[in-house]
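Report on the structure
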Amino acid sequence: MRKRIGILTYRGETGFVEPGFLSRLVKEGVKMGAEVFLFSPQDVRYSIRQIRGYVPLETGWTSDWYDWPDIVIDRYRYYPLAKHSMYLPFRKQPWFRYANNRFSNKYRVHQVLVQDPELARWLPETCPYSKETLFTMLEQHRMVYLKPTNGTGGRSILRVERQSSGYVLHGRTKRQAKSRERLYTLADLCKRLESWMDSEKSGNEQFFLQQGLQLSLIPGRTVDARLLIQKDGSGEWRLTGMGIRIGANRSSTSNLHGGGSAVPAAAFLINHFGREEAERIILECKELALKTVSRIEKHYGQMMEFGFDLGIDIQGRVWIIEINPKPGREIFRQLGQHKRYLQAVRRPLEYALYLANQIEEQELAQAQARSQY
């Protein structure tokens, strides 16, 4: 019998947030012999155990009523805004078996990871925003980042660089507008950061400060690595792929949404560090990803995939900048790695099917045990 996979996501007045990827996810699931549909919290009718689910057409989407799914993949990107108010109460209901547990905001995740002595060496100094902390961190580091706890795509991040004549700020707003300015006093800097937080926060979102890293392997550009780690069809963590992102000229981040570009990791690192050092860096990136997901699952429970944003500084030291539980995989398309992109799309479905089969086997074993009494 065909397994039924529901994809929980946000659907607003203008439709789905990432329609291209979600459409591909549904189509690949069907090719794998599953019944797959998208739904949002407002689409569930618990009383009749049915869901209004959506599937792609050549253009647009069509909906129909579906029975309860065997497993649900949570792809909902939550922000503390009124339009997302249904998500948290809905997600706490014990209605479905999920392939991935709920995660937390970026600052809380850092607090969990920094308690692990094995991971602490990869984590830049990170603190909640306050004026006092800003002063202290700017004394210790030439550069700090101001980041929102729920941000994505490099939006609303502000880089503060200490110079002999004052401070230079680089950032990108929610709407991807670039911002660059120079300020001369700490008082002016604090005022500007506070007005930035007021205008950029989503709902009651908080901001935190993070140690700036020397990630300019290419002068004037921000460079980092994106690593995708996913569970496969046997429930094991696998490194799906890794690429290097090069930020647009004078951009504070490397994100592809903000005009960055992607290059293959091995060739780039060999070019900058030599073959032996490049191999060590790649191995370390894989090691830290595996150790980090193991720690995360101990704290948050079963997870499915993560995108790691990793800094590689000019000395070749590796840092964890950010971890995303609902990552994009466009970097592989940009790199022309179409087989890897397809694998990155299919792996969550393979893992969901693996879980659905495990659940079926457990229920069968329980039924057989009951019948013997």
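Please refer to the structure placed before this passage.
Analysis parameters
Residues numbered from 1 in each chain as written. Predicted model: local features only at pLDDT ≥ 70, side-chain atom pairs only at ≥ 80, totals over all residues. Heavy atoms only, no water. Axes fitted to C-alpha atoms, helices over the stretch in contact; angles between N-to-C directions. Helix = DSSP H or I, 4+ residues; strand = E, 2+ residues; numbered from the N terminus. Parallel < 35°, antiparallel > 145°, perpendicular 65-115°, else oblique. Contact = heavy atoms within 4.5 Å. Nonpolar A, V, L, I, M, F, W, Y, C, P; charged D, E, K, R; others polar. Core = buried A, V, L, I, M, F, W, Y, C linked by side-chain atoms within 4.5 Å. Buried < 20%, exposed > 50% of the residue type's maximum accessible area, 1.4 Å probe, protein only. Pairing = 2+ DSSP bridges. Salt bridge = Lys/Arg side-chain N within 4 Å of Asp/Glu carboxyl O. Lys, Arg positive; Asp, Glu negative; His and termini not counted. Polar contact = N/O pair within 3.5 Å; in protein donor to acceptor, adjacent residues only side chain to side chain. Expected span 1.5 Å × (residues − 1). Bend = angle between axes of the 7 residues up to and from the residue.

1. Some remarks on the packing of helix 3 (residues 106–114) against helix 8 (residues 275–300)
With their axes 10 Å apart at the nearest point, helix 3 and helix 8 run at an angle of 105° to one another. When the interaxial angle is binned, helix 3 and helix 8 end up roughly perpendicular. Along the contact surface, helix 3 presents R108, V109, V112 and L113, while helix 8 presents T292, R295, I296, H299 and Y300. A per-class count over the contact of helix 3 with helix 8 returns five nonpolar, two polar and two charged.

2. So, the nonpolar core
Side chains of a nonpolar character, in soluble globular proteins, are inclined to be buried together. Ranked by internal contacts, the top residues of the largest apolar core, which has 44 residues, are I5, I7, L8, F39, I73 and F96. Mapped by element, the contributors of at least two residues to this core are strand 1 (4–8), helix 1 (19–31), strand 4 (35–39), strand 6 (50–56), strand 8 (71–74), helix 2 (87–91), helix 9 (330–334) and helix 10 (338–371). Ranked by the residues each element gives to this core, the list is headed by helix 10, at nine residues. Other than its neighbours up to four places away in sequence, I5 contacts A34, E35, V36, F37, P69, I71, I73, L349, A352 and L353. Counting 36 residues, the second-largest nonpolar core is a separate cluster that includes L217, L269, A278 and I312.

3. As for the sheet that holds strand 10 (residues 143–148)
In space, the six strands of this open sheet follow the order 9-14-10-11-12-13, with antiparallel pairing throughout. Every other strand in the sheet has two partners, leaving strand 9 (126–128) and strand 13 (178–183) as the edge strands with one partner each. Averaged over all pairs of adjacent strands, the angle between their axes in this sheet comes to 20°, without regard to strand direction. The strands touched by helix 5 (residues 131–140) within the sheet are strand 9, strand 10, strand 11 (157–163), strand 12 (166–172) and strand 14 (207–211), with strand 14 carrying the most contacts at an inclination of about 15°. Running at roughly 10° to strand 12, helix 6 (residues 186–200) makes contact with strand 10, strand 11, strand 12, strand 13 and strand 14 of the sheet.

4. So, the pattern of salt bridges
Once the charged atoms of two side chains with opposite charge are near each other, the side chains can pair. As enumerated under the stated definition, the model contains 30 salt bridges in all. Among the salt bridges present, the one from R11 reaches D43, with a minimum N-O distance of 2.4 Å. One end of the pair, R11, is in strand 2 (residues 11–12); the other, D43, is in the loop between strand 4 and strand 5 (44–45), and 32 residues separate them in sequence. Because the salt bridges share partners, they merge into one network encompassing E18, R75, R77, E305 and R329.

5. Description of unusual backbone geometry
The phi torsion at R49 lies on the positive side, around 50°, for a residue other than glycine. The topology assignment puts R49 in the loop between strand 5 and strand 6.

6. Thoughts on the side chain of R347
Among the secondary structure elements, R347 is positioned in helix 10. As a buried residue without a salt bridge, R347 has its nearest oppositely charged side chain in E350, at a separation of 4.7 Å. Among the polar contacts listed, one links the side chain of R347 to the side chain of T240, at a separation of 3.0 Å. Apart from the residues within four sequence positions on either side, R347 is in contact with Q230, K231, D232, R238, L239 and T240.

7. Some remarks on helix 10
End to end, helix 10 covers 50 Å across 34 residues, agreeing with the expected 50 Å (1.5 Å per residue, within 8%). Along helix 10, the sharpest kink reaches roughly 35°, centred on R346 and followed within four residues by the proline P348. For helix 10, every residue scored as buried is listed here: Y341, A344, V345, R347, P348, L349, Y351, A352, L353, L355, A356 and I359.

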